[in-house]
Amino acid sequence: MFRADSLLALRSAAMAGFGVAALPCYLADPASELRRITTPLPDMEGSLWLLTRPDLRKVARIRTVLDFTAEALSRQGGLIEGKRSRPRRG
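Residues numbered from 1 in each chain as written. Predicted model: local features only at pLDDT ≥ 70, side-chain atom pairs only at ≥ 80, totals over all residues. Heavy atoms only, no water.

### Thoughts on the overall build of the protein chain
Each helix and strand in the protein chain was counted, giving four helices and zero strands. Taken from the N to the C terminus, the helices and strands of the protein chain come in the order α-α-α-α. In terms of C-alpha radius of gyration, the protein chain reaches 16 Å, well past the compact-globule figure of 12 Å for 90 residues. Along the three orthogonal principal directions, the C-alpha set of the protein chain runs to about 50 × 25 × 25 Å. Here the protein chain holds 90 residues, and the buried ones make up 16% of them. Surface summary for the protein chain: the accessible area is close to 7,400 Å², and the carbon and sulfur share equals 56%. (Helix = DSSP H or I, 4+ residues; strand = E, 2+ residues; numbered from the N terminus. Rg over C-alpha atoms; globule rule 2.2 N^0.38 Å. Buried < 20%, exposed > 50% of the residue type's maximum accessible area, 1.4 Å probe, protein only. Areas by Shrake-Rupley, 256 points an atom, 1.4 Å probe, with all protein chains shown as cover.)

This is the structure in structure tokens:
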């Protein structure tokens, strides 16, 4: 049995042929050495929140980071959700 406290270590082990690993779609799907053996598991779904203190929410530099991050994640939504196997460029 192989155990790791890192998703990257699990991915590396699976890519090296150590066995099966439950990995997030965004991490495993782009690796041509790996293949899915099941559809995404609903029990492993999660939420991502972008949080800031209320008094900083409208500060330009904070707003810029939040908007950039939200847009970048939105563009990669299919990969994150397991609906697209390769990341978009750009």
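The structure having been displayed, the exposition proceeds.
### Thoughts on the pattern of salt bridges
Scanning the entire structure with this criterion turns up five salt bridges. Taking the shortest distance from any N to any O, the salt bridge between Asp67 and Arg63 comes out at 3.1 Å. In this pair, Asp67 and Arg63 are both assigned in helix 3 (residues 60–75), four residues apart and thus about one turn of the helix distant. For Asp67, a relative accessible area of 41% puts it in the partly exposed group. For Arg63, a relative accessible area of 32% gives the class partly exposed. (Salt bridge = Lys/Arg side-chain N within 4 Å of Asp/Glu carboxyl O.)

### Concerning the environment of Ala21
Topologically, Ala21 is positioned in the loop between helix 1 (7–15) and helix 2 (25–28). Sequence spacing of Ala21 and Lys83 is 62 residues, and the spatial spacing of their C-alpha atoms is 19 Å. Excluding its chain neighbours within four sequence positions, the residues that come into contact with Ala21 are Leu10 and Ala14. (Contact = heavy atoms within 4.5 Å.)

### Here we look at the side chain of Asp29
Topologically, Asp29 is positioned in the loop between helix 2 and helix 3. At 2.5 Å, the side chain of Asp29 and the side chain of Arg36 are in polar contact. (Polar contact = N/O pair within 3.5 Å; in protein donor to acceptor, adjacent residues only side chain to side chain.)

### Some remarks on a nonpolar patch on the surface
Together, Leu7, Tyr26, Leu48, Leu50, Leu73 and Ile80 make up an exposed nonpolar region whose accessible area comes to about 520 Å². One can find Leu50 in the loop between helix 2 and helix 3. (Patch = residues over 30% accessible without salt bridge, like charges linked within 9 Å, V, L, I, M, F, W, Y side chains within 5 Å.)

### Notes on the confidence of the model for the protein chain
Residues of the protein chain with pLDDT of at least 70 account for 93%, and the chain-wide mean is 89. At the level of individual helices and strands, the protein chain shows its lowest average pLDDT in helix 4 (residues 77–81), which scores 88, and its highest in helix 1, which scores 95. (pLDDT = per-residue confidence, 0-100.)

### Focus on the environment of Ser32
By the element assignment, Ser32 lies in the loop between helix 2 and helix 3. Remark: the alpha-carbon pair of Ser32 and Met15, spanning 17 residues in sequence, is separated by 9.1 Å.

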